[in-house]
Amino acid sequence: IRQEEALPETNEDDSSSTVSLKERMAAASRKGTAVHKLMELVDFDSIHSLSDVEDYIQSLTVQGILDVETAKSIRPWPVFNFFRSSLSKRMAAAAKSGKLYRERQFMLGIEAKDIFETDCSETILVQGVIDACFEEDGGLVIIDYKTDYVKDEAVLIERYKNQLEYYGRAAM
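Since the structure is predicted, the reported quantities are computational estimates derived from the model, not experimental observations.

(A) Inspection of the overall build of the chain at higher detail. Scanning the chain from terminus to terminus reveals six helices and five strands. The order of α-helices and β-strands along the chain, N terminus first, is β-β-α-α-α-α-α-β-β-β-α. Seen through its C-alpha atoms, the chain measures out along the principal axes to roughly 50 × 50 × 30 Å. In the chain, buried positions account for 28% of the 172 residues. The contacts of the chain with a sequence gap of at least 6 include a subset with a gap of at least 24, amounting to 50%.

So this is what it looks like as structure tokens:
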């Protein structure tokens, strides 16, 4: 399939509509950026219901942090489910004790042979941003938010294993 060809869109509104791959990728990127912004700014203790999530998304729009179209791309239910998770509770506890860190930039030197199939040992500079991390039990828990839809968690782990490895190295 070529990028210019239309693919069926898989949203709840109209599964029969067609959107180009480029448009779908842009929409996915917008959604991911919006969810990351929400998670960067949210007070973990302020979300207790689905309507709290919806109100928070609306407040980000009113403040001009998100535009209306981007805000609409955020599905409140998965966000609320996250806030019901044990990980969210652990992040809230870390935030209260000043041990939650969000949007942490890093730079890391990695030998080329560790990234590519080569004998070259020159150092490549890898830069990135760790979405969130927190101190717990003498270690550091690294969180990388994903908005991809997959049926099997193993797919995400395989897809992002190199990224997570770099985050782990950067956090040391």
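(B) The pairing of strand β5 (residues 139-143), seen in detail. In terms of strand pairing, strand β4 (residues 123-136) meets β5 through five bridges, oriented antiparallel. Paired with F134 across the bridge in β5 is V141. Counted along the chain from β4 to the antiparallel partner β5, the turn is two residues long, and its residue D137 has a positive phi close to 50°.

(C) Looking closely at the pattern of salt bridges. A full pass over the atoms with the stated rule returns eight salt bridges. The partner of K37 in a salt bridge is E40, and the shortest N-O contact between them spans 3.1 Å. Highlighted residues: K37 and E40, both in helix α1 (residues 21-41), separated by three residues, approximately one helical turn. Given a relative accessible area of 28%, E40 falls into the partly exposed group. Notably, a salt bridge pairs R169 with E165, separated by 2.9 Å at the nearest N-O pair. Highlighted residues: R169 and E165, both in helix α6 (residues 153-171), separated by four residues, approximately one helical turn. Classification of E165 as partly exposed rests on a relative accessible area of 40%.

(D) Expanded view of the nonpolar core. Membership of the largest hydrophobic core comes to 27 residues, with the highest contact counts inside it found for L38, M39, F44, I74, F83, M91 and Y145. Residues within four places of M91 in sequence aside, it is in contact with F44, F82, L100, A132, F134, I143 and Y145. Within the second largest apolar cluster, eight residues are counted, among which are F106, L108, I110 and I130.

(E) Spatial organisation of the packing of helix α2 (residues 50-62) against helix α4 (residues 76-83). The contact between α2 and α4 brings their axes to 9 Å, and the two run at 120°. The way α2 lies across α4 gives a crossing that is right-handed. From α2, L50, V53, E54 and I57 reach across to α4, where they touch P76, W77, V79 and F80. Of the residues belonging to the contact of α2 with α4, the class tally is seven nonpolar, no polar and one charged.

(F) Molecular detail of the packing of aromatic side chains. This structure, assessed with the given rule, holds five aromatic pairs. Judged by centre distance (5.7 Å) and plane angle (80°), the ring pair of F82 and F83 falls under edge-to-face. This pair shows no difference in class: F82 is buried, exactly as F83 is. Judged by centre distance (5.5 Å) and plane angle (80°), the ring pair of F106 and Y167 falls under edge-to-face. Here F106 is found in strand β3 (residues 100-111), whereas its partner Y167 is found in helix α6, with 61 residues between them in sequence. Across the pair, exposure class does not vary: F106 and Y167 are buried alike. The positively charged end of K146 is found above the aromatic ring belonging to Y160, 3.6 Å away from the centroid.

Criteria and cut-off values
Residues numbered from 1 in each chain as written. Predicted model: local features only at pLDDT ≥ 70, side-chain atom pairs only at ≥ 80, totals over all residues. Heavy atoms only, no water. Helix = DSSP H or I, 4+ residues; strand = E, 2+ residues; numbered from the N terminus. Buried < 20%, exposed > 50% of the residue type's maximum accessible area, 1.4 Å probe, protein only. Contact = heavy atoms within 4.5 Å. Pairing = 2+ DSSP bridges. Salt bridge = Lys/Arg side-chain N within 4 Å of Asp/Glu carboxyl O. Core = buried A, V, L, I, M, F, W, Y, C linked by side-chain atoms within 4.5 Å. Axes fitted to C-alpha atoms, helices over the stretch in contact; angles between N-to-C directions. Left-handed = near helix turned anticlockwise from the far one by under 90°. Nonpolar A, V, L, I, M, F, W, Y, C, P; charged D, E, K, R; others polar. Phe/Tyr/Trp six-rings, centres within 6.5 Å; stacked < 30°, edge-to-face > 60°. Lys NZ or Arg CZ within 6 Å of the ring centre and 35° of its normal.

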